[in-house]
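Chain and residue survey
Okay, here's what each chain looks like letter by letter:
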Amino acid sequence: SVCLHCLTLWERTLIAVKPDGVHRRLVGQIIQRFEQRGFKLVGLKMLKVPEDLLTQHYCQLRSKPFFPRLLEYMSSGPVVAMVWEGHKVVQASRVMVGHTNPAEAQAGTVRGDFSVLIIYRNVVHASDSLEGAQREIQLWFTGKELVNWDCCDQSFTCEL
Ligand code: TYD
């Protein structure tokens, strides 16, 4: 949606707390980081992810050797899926989430602070580009599940 204050188009991105993050009770801490950064929550749901959604979500990885294990892990418990909106939220979220491989993730990132060693148990998903975010949001959420609203402090969180 458009910022009523500066009229720039806000980005949206898909963030998902993966099964290990839910099992480890990290949902609250992850939401807190995005709130604290000034982003706006516009969609939130918990689900056991159907296999067809997972295969579509990770379609670019389907030929990788780790693909079956990735699907198995992503089905090992519920996921908390969210859509966050804000100025440059796609890139900012990638930085906040950190490197795919927890061993390489910087301290201060979600993966750098909460994940250990195992690459496929890396706590959280964040869309990797604007196009990827749009594709993933459409896969995971219906239009009705996304809430358009104006946050009372938006004049402080926009660019101008
Ligand atoms: P990818 O989209 O490359 O990373 P990111 O989640 O950081 O955007 O990979 C998707 C997921 O696949 C990743 O979060 C964990 C898993 N994965 C592995 O299990 N092994 C691997 O070697 C890679 C690259 C990814």
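Below is a short write-up of the structure. Computed from a prediction, not measured in an experiment: that's the story for all the values here.

This part covers the packing of aromatic side chains. For the structure shown, the criterion picks out 1 aromatic pair. Above the face of the tryptophan 149 ring, lysine 40 is positioned so that its terminal group lies 5.6 Å from the ring centre. Over the aromatic face of phenylalanine 141 sits the side chain of lysine 45, whose NZ or CZ is 4.7 Å from the ring centroid.

Taken together, the neighbourhood of the ligand is formed by Lys18, Tyr58, Leu61, Phe66, Arg69, Leu70, Arg94, Thr100, Arg111, Ile119, Tyr120 and Asn122. The separation between an oxygen atom of the ligand and a polar side-chain atom of arginine 94 is 2.8 Å. A distance of 3.0 Å is found between an oxygen atom of the ligand and a side-chain nitrogen or oxygen belonging to arginine 111. Taken by itself the ligand offers 500 Å² of open surface, and the protein chains cover 78% of this. The residue inventory of the shell around the ligand, partitioned by class, reads 6 nonpolar, 2 polar and 4 charged.

Moving on, we get to the sheet that holds strand E1 (residues 11-17). Strand order across the open sheet formed by 4 strands is E2-E3-E1-E4, with antiparallel pairing between neighbours. With partners counted over all chains shown, the strands left at the sheet margins are strand E2 (40-47) and strand E4 (124-126), one partner each. Neighbouring strand axes in the sheet, compared pairwise and without regard to direction, differ in orientation by 15° on average. Sheet topology places E1 next to E4; 3 bridges connect them, and they run antiparallel. Bridge assignment links alanine 16 to a residue of E4, and that residue is histidine 125. Across the face of the sheet, helix H2 (residues 27-37) comes into contact with E1, E2, strand E3 (79-86) and E4 while running at roughly 5° to E3. The sheet strands contacting helix H5 (residues 89-97) are E1, E3 and E4, and the helix crosses E1 at an angle near 30°.

Here is what the cut-offs are and how they apply
- Within each chain, residues carry numbers counting from 1 in the order of the written sequence.
- Only residues with pLDDT of 70 or above have their local features reported here, since the model is predicted, and side-chain atom pairs are shown and tallied only from 80 upward, although totals for entire chains, interfaces and linings are computed over all residues.
- Hydrogen atoms and water are omitted, and side-chain values are computed over all heavy atoms in the structure.
- Any pair of Phe, Tyr and Trp rings, taking the six-membered ring for Trp, is counted once the centres come within 6.5 Å. Such a pair is stacked with planes under 30 degrees apart, edge-to-face with planes over 60 apart, and tilted for the rest.
- Charge over a ring is defined by NZ of Lys or CZ of Arg lying within 6 Å of the ring centre and within 35 degrees of the ring normal.
- The rule for a residue being near a molecule or strand is that one of its heavy atoms must lie within 4 Å of it.
- Within 3.5 Å is the distance limit for a polar contact, defined as a pair of N or O atoms, with the added protein rule that one can donate a hydrogen and the other accept it, and that residues adjacent in sequence qualify only through two side-chain atoms.
- For every accessible area listed, the method is Shrake-Rupley and the probe measures 1.4 Å; residues are considered covered only by the protein chains on display.
- Residues are grouped as follows: Ala, Val, Leu, Ile, Met, Phe, Trp, Tyr, Cys and Pro are nonpolar; Asp, Glu, Lys and Arg are charged; all remaining types, including Gly, are polar.
- At least two DSSP bridges between two strands are needed for those strands to be called paired.
- Helix and strand assignments follow DSSP, with helices taken as H or I runs no shorter than four residues and strands as E runs no shorter than two, numbered in order from the N terminus.
- Here, axes are lines fitted to C-alpha atoms. For helices the fit covers the stretch in contact, and angles between N-to-C directions go from 0 to 180 degrees.
- Contacts are assigned to residue pairs with any non-hydrogen atoms lying within 4.5 Å of each other.

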